[in-house]
Every structure is written in C-alpha cells, then in structure tokens.
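In case you want the letters, here they are:
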Amino acid sequence: MSEASIQQVPTTPFDDQRAGTSGLRKPVGVFEQPHYLENFVQAIFDTRPELNGGLLILGGDGRFYNDIAIGIILRMAAGNGVGRVIVGQHGLLSTPAVSHLIRKYQAQGGIILSASHNPGGPDGDFGIKFNTANGGPAPESVTEAFFQKTLEIDSYRIHTGDAPDIGRIGGFELGDMRIDIIDPVRDYAGMMQDLFDFDAMRELLASGFQLRFDAMHAITGPYARHIFTDLLGAPAEWILNATPLPDFGGGHPDPNLKHAAALVALTRGENGVDFAAASDGDGDRNMILGKHCFVTPSDSLAIITANAAMIPGYRNGIHGVARSMPTSQAADRVAERLGIAHYETPTGWKYFGNLLDHRRITFCGEESFGTGSDHVREKDGLWAVLFWLNILAGSGRSVADILAAHWREYGRNYYTRHDYEGIDSGIATQLMDDLRAQLDSLPGQRFGEHTIAWADDFSYTDPIDATVSTHQGIRIGFENGSRIVYRLSGTGTQGATLRVYLESFEPDPAKQQHDTRQVMQALVDIANRVAGIRARTGRNAPDVIT
Ligand code: G16
C-alpha cells in the first residue's frame, strides 16, 4: 500500500483510559474529544501485533456515536495493516455475536462498541472493549498493556480514504485491507439452532402459550425478530421495542425489575403472559419472568445447570459451573448434587475465560443478569431466554412450577442486591477501607438471630494461570449461612456506585414462598449498621433494588 495514503497524526496522552469491569466506558462527550477514541484504538493495535495482517471483527450496539466510531476504527485498521475486517451491517453486532464470529472465523480479535446497559444518546455513555482470539473479553494483563500504551502515545495511524457505507452488505476495499459487511444475525441464529430444540419451542408457541420479549430499543431487536418470529413462528408484536435506536428511545437498556417495569406488568394479573424476557444494550444480559414470578439471575444459573440434560446442545454431559463471588450459592448446590466442579470468581466475565477454555466449566453466570456457556466467551442474553423456553417446552411446566420444584429439591437462596448510585467517590472508598479495617473484629458479633462467622476481602487465584486478583469485595458470612457482600461497581461513569449483595438460605419448603423483602429485612439492617451506609452517604434507601 502506498504510505502516502496513511497519515501519522500527532497526539498527546489522556490519563483516564484504564478499562473498568468491562472495557472503557465514558460519557459520549469524553469520546468526542479530538483523538480520544483514536488514542485508545492505536494502543490496541500497538499492543496486539497479531492484528497486523490478521482478521478483526467489529460491531456495536447501535448507540449514539457507534457509526462514527466504526468509520474511524475501519480507517485506523487500514492504517495499521489489518488484513481483513468483518463488520455487522449498520455497524450492529451484539456482544455474544462478536464472540461467536471471532471463534467461527478464527479472528485475531474483536472490537465491541458499547456501554452495555448504560443509557445512550448524546448525553449518555459510550464504550469500547477488545476481545481476544478465544472470543472473550481481554484479561486484565491485556487491558493494562493498553492503558500503559495510552500514557505514552504520541501519534496514531489512519488511512486517508473513506470507509465504505456500512449500510450495504458486501465486500469492499480500503487500501490493502478487505472489509466484509455482513448480516449481523445469520451466524448467531445458526448457532442457536444447533444448540436448542426449535421444533419443540415452535410447537409450544403455537399452543396458546404467551411470550413477550423486550429488546429495549437495543441490539437484540433484529436477533429476536428473526429467531422468535421467522424461525419460531411467534407473532411480530410479541417482540417489544424491537428497533435499535441511538438513544434506546430515551430509556435505560437494563433488563431488571426497575428499568423493564412495563414488561414485568405484562406478567401480572389474570391475563399475565406465561413467559417474558428482556435483554440489554449489547445483548449479553437477560431477565427471565414467568406469570407472577421473577427468576433471580442466581437461580437462573442453578436451574439451567440442573436441567442441562433436557437441552440438545448439552445432553452429552457438562463440565462444571462458575459464578461470580456476589452471585448466590444456588448453583454450587446443584453442582455438588451432580458431582461436577464449581468455582467462585471475581465480578467480570473475563474471569470465566480460562475456566471455559480449559473445559473446567460449561455454564457460568452472574447476579448482574448475566448467564452463559462454553458456546461463546461472553454472557448471552438470547441464549438464556432460549434455554428457558426450551426447558418450558420440554417439561410442559410453568416458570413458577419450575422455580418451586427447584427450591424444594435444593433449598432456596433468597437474594437481593441494593445499589447506591452516584455517591461521592471519597466517601465510597472510605466506607470500603473502614470495612476492611473491621474484618478481624467482625467474627463473633451478634445481631439478633444472626451471628457473624467469618469476614474477608475476596481474592482469587486463577486455577489455570495462577494470576491473583485482590480486593474483589468484602464478604461477611453468618453462622446460619446468610451472606452480605459489599463492592464498588467498576462500570459506572458518575461518582461511585456501592453494591450491597444479600443472601440467605432456606431449606424448608414451607418457608420458601415468602416475600424476599420481608425475609431480607433483618440482613439489610445489619448491612447498614456494619457499614454505616445511611450516615456516610445521607441516603435513606438504595436507588435500585434487584
Ligand atoms: C459488566 C461485566 C459483568 C459485571 C457487570 C457489573 O456487565 O461484564 O461481568 O458483572 O458489568 O459490574 P459492576 O458490578 O462492576 O458494575 P455488562 O453487561 O455491563 O458488560
């Protein structure tokens, strides 16, 4: 290629490009600063030499700035010697679809443009993350190398030609680089057909069973339309908010009881639908609802593991199961019964990568509405919804019946999470430091019926590469099996978000149908007293309860 078509643009470093729990997430205005995106992307190309002459997968959740960023990244890829880029039409690809395409086409990596469940639009958030050749989010060692590079960057390389119109499917050239613009849905839908029993699900949907899926004006709209309507025969109107919009229609694309309240309402009352589900901005999260019931993500992971033998893609046996530390211990009980391994990892999907790659686990999940398996290396919203639909079709039972039967057999882990958002970062850090200072004196302290048995600051040693991750959250365990966990979020963009995770175990079936809020109240009060949340933050209640 003529070097004349490649421009070397001088730049200066930004000091805030260290990745959080999942990539670099900032308000759109930060990304719109001259050179901000370019610096980060150049750091990727500089530290991943395998991309030179290699294949890169590129796509995003369609939020504001997605199309502009795609154009810049295509020109920079051409400027940095990438051999070929596969990009989703209109720049759209869900996070699990990118993971799948990386694996299917043996790409050297992928770039995903998304701030996940954070709001979009000109005043919302934008984000970028890099996935490695296994299809999974870059581990800390890789994102740390990006960060170090961004601190010393002095120029970036960009092709001076125009990127092709990403609305047109087909093959294009930019300098020596080939660009293939593809249908974002087709490959992913094919993988789902390989894993699940589409005939059984089609029959269920034709039998009077009522399903609703809320795409929240985000990436899963086109995927859900194709899978549920074209392949499974569901009426088009069962897919709600199916058109991806740059600002997600002004909503918050977070599938939980607060932000998907309209969907929850459809499951209530005499005419409540049998099954409802939602996914988030980039399609990796899921929420599962039945008539008058909500399945916690922790229970969902346990039930998926317990019912794997019903699903064609998992019938031949499963390895183990992993959950992030704050996720309830429900899946552990299933693993023990099945005689398979179970793991407890820090928050962040990247920590599951080694376990999946080395066949230690088949399933993994997080309380933050993430569930997945070894079919890709990301959590996968529609996969989880299809897994549940396949269980419903295969068992002929309702969501509520499946939940109740599961609890009867394994016991119920009551679970709730309280989020205090946008609190002062200094106050949040001090709260965590003071908790850490109390760790030795907490065991033995009694609060009514709850006596603290142990307390620690969670650290994790990866069983494959022995990487150690420290300070991953404060855990307090009680003699009756209850647990309180405190963590600061790594995905927020305004101040700090304190997450308090609460869990208690109930083996007695006669006590398993109580209201979660009532059951957890005593533990909520203890969590407040031990950390002094109200006094420190001035907040009387959490902003979000899930
Ligand atoms: C990301 C990560 C998840 C994590 C979640 C919440 O999800 O991929 O592993 O559980 O954030 O993290 P935090 O508690 O640090 O805010 P997503 O869907 O935002 O990519």
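What counts and what doesn't
Counting from 1, residues in each chain are numbered in the order their sequence is written. Selection of residues for local features in this predicted model requires a pLDDT of at least 70, selection of side-chain atom pairs for listing and counting requires 80 or more, and totals for whole chains, interfaces and linings are taken over all residues. Values shown for side chains rest on all heavy atoms present in the structure; no hydrogens or waters enter the calculation. In this text, helices come from DSSP runs of H or I with a minimum length of four residues, and strands from runs of E with a minimum of two, each type numbered from the N-terminal end. Our radius of gyration is a C-alpha quantity, and the globule rule it is checked against amounts to 2.2 Å times the number of residues to the power 0.38. To sort residues, take the accessible area from a 1.4 Å probe on protein chains only and compare it with the maximum for the residue type: under 20% means buried, over 50% means exposed, and anything in between is partly exposed. Residue contacts are defined here by distance: any two heavy atoms, one from each residue, within 4.5 Å place the two residues in contact. What sets the accessible areas is the Shrake-Rupley method with a 1.4 Å probe; for residues, cover comes only from the shown protein chains. Just so you know, the count uses Lys and Arg for positive and Asp and Glu for negative, and it drops His and the chain ends. Note on charges: their place is set at NZ of Lys, CZ of Arg, CG of Asp or CD of Glu. One heavy atom within 4 Å of a molecule or strand makes the whole residue count as near it. Counting of polar contacts relies on pairs of N or O atoms within 3.5 Å, with two restrictions inside protein: one atom must be capable of donating a hydrogen and the other of accepting it, and residues adjacent in sequence are counted only when both atoms are side-chain atoms. Put simply, Ala, Val, Leu, Ile, Met, Phe, Trp, Tyr, Cys and Pro go in the nonpolar bin, Asp, Glu, Lys and Arg in the charged bin, and everything else, Gly too, in the polar bin. For each domain, the first and last residues come from an automatic or database assignment. Buried area is understood as the total, over both parts, of accessible area removed when two parts are fitted together, assessed with a 1.4 Å probe. Pairing between two strands is assigned when DSSP locates at least 2 bridges connecting them. Take the buried Ala, Val, Leu, Ile, Met, Phe, Trp, Tyr and Cys residues and link them wherever side-chain atoms come within 4.5 Å; each set so joined is a nonpolar core. Residues are called lining when one of their atoms sits within 4 Å of a cavity or pocket point, these points coming from a 1 Å grid over the protein atoms alone, where a cavity is a set in which a 1.4 Å probe fits but cannot get out and a pocket is an open set with protein on both sides within 12 Å along at least five of seven lines. Grid points are joined across faces, edges and corners, and a volume is the space filled by probe spheres set on the points.

Once that is clear, we can look at the overall build of the protein. The helix and strand inventory of the protein stands at 17 helices and 27 strands. What you see for the protein is a C-alpha radius of gyration of 23 Å, in line with the 24 Å of a compact globule of 546 residues. For the protein, the spread of C-alpha atoms along the principal axes amounts to about 75 × 60 × 40 Å. Counting only residues that meet the buried cut, the protein has 59% of its 546 residues in that class. A sequence separation of at least 24 residues applies to 73% of the contacts in the protein between residues at least 6 apart. Of the accessible surface of the protein, which amounts to about 20200 Å², a share of 46% is contributed by carbon and sulfur atoms. Here the protein holds 47 positive side-chain charges and 66 negative ones, and the gap between their average locations is 3 Å.

Glancing now at the site of the ligand. The immediate surroundings of the ligand are formed by 19 residues, with Glu366, Ser489, Gly490, Thr491 and Arg499 found nearest. Separating an oxygen atom of the ligand from a side-chain N or O atom of His117 is a distance of 3.1 Å. One of the side-chain N or O atoms of Arg499 is found 2.6 Å from an oxygen atom in the ligand. For the ligand, the accessible surface in isolation is 470 Å², of which the surrounding protein chains cover 99%. Its residues placed into classes, the shell around the ligand shows one nonpolar, ten polar and eight charged.

Split by domain assignment, the protein resolves into domain 1 (3-184), domain 2 (188-410) and domain 3 (412-545). Taken over C-alpha atoms, the centre of domain 1 sits 29 Å from the centre of domain 2. The interface of domain 1 with domain 2 comprises 34 residues on the first partner and 32 residues on the second. In total, about 2400 Å² of surface goes out of reach between domain 1 and domain 2, with carbon and sulfur atoms giving 58% of it. Of all residues in domain 1, Pro96, His100 and His117 bury the most surface against domain 2, accounting for 23% of the area lost on that side.

If you trace the seven strands from one edge of the open sheet to the other, you get β20-β21-β24-β25-β26-β19-β27, paired in antiparallel fashion. Strands at the two margins of the open sheet, each flanked by one partner only, are β20 (446-447) and β27 (544-545). As paired elements, strand β19 (residues 412-423) and strand β26 (residues 496-506) share ten bridges and run antiparallel to each other. Paired with Arg417 across the two strands is Tyr501, which belongs to β26.

This brings us to the nonpolar core. Counting 74 residues, the largest nonpolar core has Phe228 and Trp383 as its most contacted members. No other element matches helix α13 (residues 381-395), which puts ten residues into this core. Inspection of this core shows a minimum of three residues originating in each of domain 1 (3-184) and domain 2 (188-410). With residues up to four places along the chain from it excluded, the contact list for Phe228 reads Leu211, Phe213, Gly233, Ala234, Ile239, Leu382, Val385, Leu386 and Leu389.

Right, let's get into empty space enclosed by the protein. Across all of its chains, the model carries two cavities of 30 Å³ or more by this definition. In this structure, the largest cavity spans a volume of roughly 60 Å³. Lining of the largest cavity is provided by Phe294, Thr296, Pro297, Glu367, Phe369, Tyr415, Thr416, Arg417 and Thr546. Considering each element in turn, the lining of the largest cavity owes the most residues, three residues, to β19. Per-class residue counts for the lining of the largest cavity are four nonpolar, three polar and two charged.

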